[in-house]
Each structure stands twice: as structure tokens, then as C-alpha cells.
Amino acid sequence: MKLMARALGLVWYPEWEPILGCEAREIVVTGGIQASKSTLTALWLLTRPKFLAKGPALFWVIGGTYALATKEVKYLLEWVQKLDSRLIAKASTPADEPWFIELRNETVIETRSSQHPERIASDAPDAIAIVEAGQQQPRIREVTEQRAATNRAQRLYSGTMENQDVKQEYSWFIELAQEGKERPTEFLQSFSLPSWTNRAKYPGGENDQAFIDIKNAPGFNEYTFMRAYGGIAGGAQFAIYPQVQNTTALLQPMPQGLKFSMSVG
């Protein structure tokens, strides 16, 4: 994996190694802001055993929209061309539509959107990357589990605990990350990828001046900082819980003859 990264001109970060080498069926990566999550996810796909091997193989990148699933595939397309441009057989990258790349070894990379679950519920991939997972509905895990079963495909979920766009985050992703951290098994493991992993962006690492400035700013909150930049799963500021979705469906009429009353003792 290190040799592959160097061949692509990437700076190798030691924090990547346990994630790329993890053999769990489900891998959760909670990343800090600009923590190199997209680079890591693309490299994870590239280093799966079937990616560059001969024979049919299918890889999915799933985003909340098609546009949100393209960054990792752009990296893969660029890297494969760098390794050997003759490896590319077909490439279709339309705006706001699924992307499709086929290599000459019969590997296929496709983007999917959780807005169109019917397009996810088909085929049997060999590995699945779910990007910005916290912004996708809980059903994405169930749907991909069904698709992953055939080939015992690994799934990698990545996302932030706090995002700069103030977008809502679903609680299932944080809860899954906490479970994988507190009770890791051969099926589920969780990793934190802090912002300071990205030494190209933050050359001083955890002691980079950017983080010193944040910590010295008025109103600094350690808990929020560790979620946003440390990638620590511990709740989300804009979490959505299934119990508060479609609340009208949860309202039940009272049995006939019963009335609501409240007494004060």
C-alpha cells in the first residue's frame, strides 16, 4: 500500500495504514474537516485485491447525490491513468448522473446515489464506499448489506461529525462509529481520522498554528473541536433521529371512550 501511494505521488500518512489493512466487513471512518478522507477512500478502493487483478469486479461509490460521489472516482481515474493509461477501456462522467468507468481487466467502478435506492438494489459489488455517510438515511446500511452479502464485500463508511456547511447528520452513523470503536469485532471496526492527519494542509500536525488559533478563539469548546477536527464520534450538532421523522405516522388515536386528563397533586 505504501509503494502504491508513492507510485501515485501521494504523501503516505501512517494513520491510513490500520484502515487500509482492516479486514472487517464494515469499516467506519469518522474524519475531521479536511482530514484526507476522500484520498483515503479512493486508495482503499484501489488497494482492494480485485481492483487491479484480472477478471470481473465491481466497485461502488455511494453518495447522498451523484455529485457527492464523484471526488473519489476522479482520484481513481487520475491514478489509473498515471499507473497505465492503457488500463482505461471506457469512462463516462456526466454531470448529475451516474459515473461509469471500465478497466481493461474487467473492473468496473460506478457511482450511486442514495436518492435512487432502486439503482442500488441490483448487482453484487466486490467493495462499497459510502461517502459522507452521516448525510444519508439509515436505510443505506440495510440496502448495501443486501448487495454486499453475495461476494462478502467490505463496506467503508466515511464522514464528518461536524460539517462546515451546517448540514444535518443522521444519528445512525455516529452510533455505528461508537459501536465499532467501543466493541470492535471481525464484522465492524471504527477509526478516527483527525484533520491533522493531512500534513499537506496542516504541516504542524496537531500543533499546527491553525488549531492553536482555533483553541485560543473566544468561545472555544473542546468537545466540538474534537468532533469537528479530531473526528471523535460523540454526538452531532445537527443529528436527525428516526424517532422524530414522519412524526404524524406515530400519532395514534386514543381508544374509544378514553379521555386525556392531567391532575396536579
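Rules used throughout
- Residues numbered from 1 in each chain as written.
- Predicted model: local features only at pLDDT ≥ 70, side-chain atom pairs only at ≥ 80, totals over all residues.
- Heavy atoms only, no water.
- Core = buried A, V, L, I, M, F, W, Y, C linked by side-chain atoms within 4.5 Å.
- Buried < 20%, exposed > 50% of the residue type's maximum accessible area, 1.4 Å probe, protein only.
- Helix = DSSP H or I, 4+ residues; strand = E, 2+ residues; numbered from the N terminus.
- Contact = heavy atoms within 4.5 Å.
- Phe/Tyr/Trp six-rings, centres within 6.5 Å; stacked < 30°, edge-to-face > 60°.
- Salt bridge = Lys/Arg side-chain N within 4 Å of Asp/Glu carboxyl O.
- pLDDT = per-residue confidence, 0-100.

This part is about the nonpolar core. Of all hydrophobic cores here, the largest spans 39 residues; its most connected members are Ile-27 and Leu-43. Residue assignment for this core shows that the elements contributing at least two residues are helix 2 (17–20), strand 1 (26–31), helix 3 (37–46), strand 2 (57–63), helix 4 (70–84), strand 4 (100–103), strand 6 (127–130) and strand 9 (188–193). Per element, the largest residue contribution to this core is 6 residues, and it comes from helix 3. Not counting residues within four places of it along the chain, the set of residues in contact with Ile-27 comprises Ile-19, Cys-22, Trp-44, Gln-154, Arg-155, Leu-156, Tyr-157, Gln-189 and Phe-191. Among the nonpolar cores identified, the runner-up in size contains 22 residues, and Ile-62, Met-161, Tyr-170 and Leu-176 belong to it.

The next point concerns the packing of aromatic side chains. Under the criterion given, the structure shown has 13 aromatic pairs. Between Tyr-157 and Trp-172, the ring centres sit 5.7 Å apart and the planes meet at 75 degrees, which makes this aromatic pair edge-to-face. Here the residue Tyr-157 occupies a position in strand 7 (residues 154–160), and Trp-172 occupies one in helix 7 (residues 171–182), the gap between them amounting to 15 residues. This pair shows no difference in class: Tyr-157 is buried, exactly as Trp-172 is. Taking the centre distance of 5.5 Å and the plane angle of 85 degrees together, the rings of Trp-196 and Phe-211 count as edge-to-face. One end of the pair, Trp-196, is in the loop between strand 9 and helix 8 (209–216); the other, Phe-211, is in helix 8, and 15 residues separate them in sequence. Just as Trp-196 is buried, Phe-211 falls in that class too.

Opposite charge on two side chains makes pairing possible when the charged atoms of those side chains draw close. On inspection of all chains with the given rule, the structure shows 9 salt bridges. When the shortest N-O distance is used, the salt bridge between Glu-17 and Lys-2 registers 3.8 Å. Taken together, the positions of Glu-17 in helix 2 and Lys-2 in helix 1 (residues 2–7) put the pair 15 residues apart, joining distant regions of the chain. Salt-bridge contacts for Asp-126 lead to Lys-50; the nearest nitrogen and oxygen are separated by 3.0 Å. Of the two residues, Asp-126 is situated in the loop between helix 5 (117–120) and strand 6 and Lys-50 in the loop between helix 3 and strand 2; the sequence distance between them amounts to 76 residues. Taken together, the shared-partner salt bridges in this structure form one network comprising Glu-26, Arg-141 and Arg-155.

Once that is clear, we can look at the confidence of the model for the protein chain. The predicted model of the protein chain averages 86 in pLDDT, with 85% of residues at 70 or higher. Averaged pLDDT values over the elements of the protein chain bottom out at 52 in strand 10 (residues 239–240) and peak at 98 in strand 6. In the model, residues 241–265 has pLDDT below 50 throughout and makes 9 contacts with residues more than four positions away in sequence or in other chains.

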